Amino acid sequence: QVQLVESGGGLVQAGGSLRLSCAASGRTFSTYGMGWFRQAPGKEREFVAGISWSGGGMPNYADSVKGRVTISRDNAKNTVSLQMRSLKPDDTAGYYCGADHDGLGQARPGEYEYWGQGTQGTVSS
């Protein structure tokens, strides 16, 4: 079993940056692909970025954030991070990390077995 705890959310102005972190417990963390998703009020949860179990290969990014975010992981520390830059008000959402049992960091939320409670990111105009 994997437990996930997100941190790093907050209020920033448009054009600013946020770095979100997700700390995982459980010895099997390194076998899971990891993903970041977000959900705004009244909207469905949407994929932001995903990374494979090893961190190798190209990470997967949503078109809406490509070029503005970077996902990374440290299996020695059981953490996955999301660096976000050039933030826009449309990026305002609750941000959630998830653990993908297929190890791929896929874009479909149904592939994720575990989720954190989320951290709020708010971008003011």
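Preceding this paragraph is the structure being described.
Residues numbered from 1 in each chain as written. Predicted model: local features only at pLDDT ≥ 70, side-chain atom pairs only at ≥ 80, totals over all residues. Heavy atoms only, no water.

**Q** Requested: an account of the state of the cysteines, with residues and values cited.
**A** Taken as a whole, this structure holds one disulfide when the rule is applied. Two residues share a disulfide in this structure: C22 and C97, whose sulfurs sit 2.0 Å from each other. Judged by the sign of its S-S torsion, about 45°, the bond between C22 and C97 is right-handed. Of the two residues, C22 is situated in strand β3 (residues 18-25) and C97 in strand β9 (residues 93-100); the sequence distance between them amounts to 75 residues. With respect to burial, C22 and C97 carry one shared label: buried. (Disulfide = S-S within 2.5 Å. Helix = DSSP H or I, 4+ residues; strand = E, 2+ residues; numbered from the N terminus. Buried < 20%, exposed > 50% of the residue type's maximum accessible area, 1.4 Å probe, protein only.)

**Q** Hey, could you go over the packing of aromatic side chains for me, with residue numbers and the actual values?
**A** Geometry of an aromatic ring pair is reported as the spacing of the ring centres plus the angle between the planes. Inspection of the entire model under this criterion finds five aromatic pairs. Ring centres of Y32 and Y114 lie 5.9 Å apart, and the angle between their planes is 65°; this geometry places the pair in the edge-to-face category. Taken together, the positions of Y32 in the loop between β3 and β4 (33-39) and Y114 in strand β10 (residues 112-115) put the pair 82 residues apart, joining distant regions of the chain. Counting every residue linked through ring pairs, the aromatic cluster contains F37, F47, Y112 and W115. The aromatic ring of Y96 is capped on one face by R45, whose charged end is 3.9 Å from the ring centroid. (Phe/Tyr/Trp six-rings, centres within 6.5 Å; stacked < 30°, edge-to-face > 60°. Lys NZ or Arg CZ within 6 Å of the ring centre and 35° of its normal.)

**Q** Give a detailed account of the nonpolar core, specifying residues and quantitative values.
**A** By size, the foremost hydrophobic cluster in this structure holds 33 residues, and its most contacted members are L4, M34, W36, I71, L82, M84 and Y95. Taken together, the elements giving at least two residues each to this core come down to β3, β4, β5 (46-51), β7 (69-74), β8 (79-84), β9 and β10. Once residues within four sequence positions are removed from consideration, L4 is found in contact with C22, A23, A24, M34, C97, G98, A99, Y114, W115, G116 and Q117. (Core = buried A, V, L, I, M, F, W, Y, C linked by side-chain atoms within 4.5 Å. Contact = heavy atoms within 4.5 Å.)

**Q** If you had to explain the sheet that holds β3 to someone new, which residues and values would you point to?
**A** Sheet architecture is open: four strands sit in the order β1-β3-β8-β7, paired in antiparallel fashion. Each end of this open sheet is capped by a strand with a single partner; those strands are β1 (3-7) and β7. Sheet twist, expressed as the average angle between the axes of neighbouring strands with direction ignored, equals 15°. Two strands pair when backbone bridges link them, and β3 and β8 are joined in this way by six bridges, in the antiparallel orientation. Each bridged residue has a counterpart across the sheet, and for R19 the counterpart in β8 is Q83. (Pairing = 2+ DSSP bridges. Axes fitted to C-alpha atoms, helices over the stretch in contact; angles between N-to-C directions.)

**Q** Talk me through the pattern of salt bridges; I want residue IDs and the actual numbers.
**A** Tallied over the entire structure, the rule returns five salt bridges. R38 serves as the salt-bridge partner of E46, at 2.6 Å between the closest nitrogen and oxygen. Here K66 ties to D63 by a salt bridge, and the two come within 3.3 Å at their closest N and O atoms. (Salt bridge = Lys/Arg side-chain N within 4 Å of Asp/Glu carboxyl O.)

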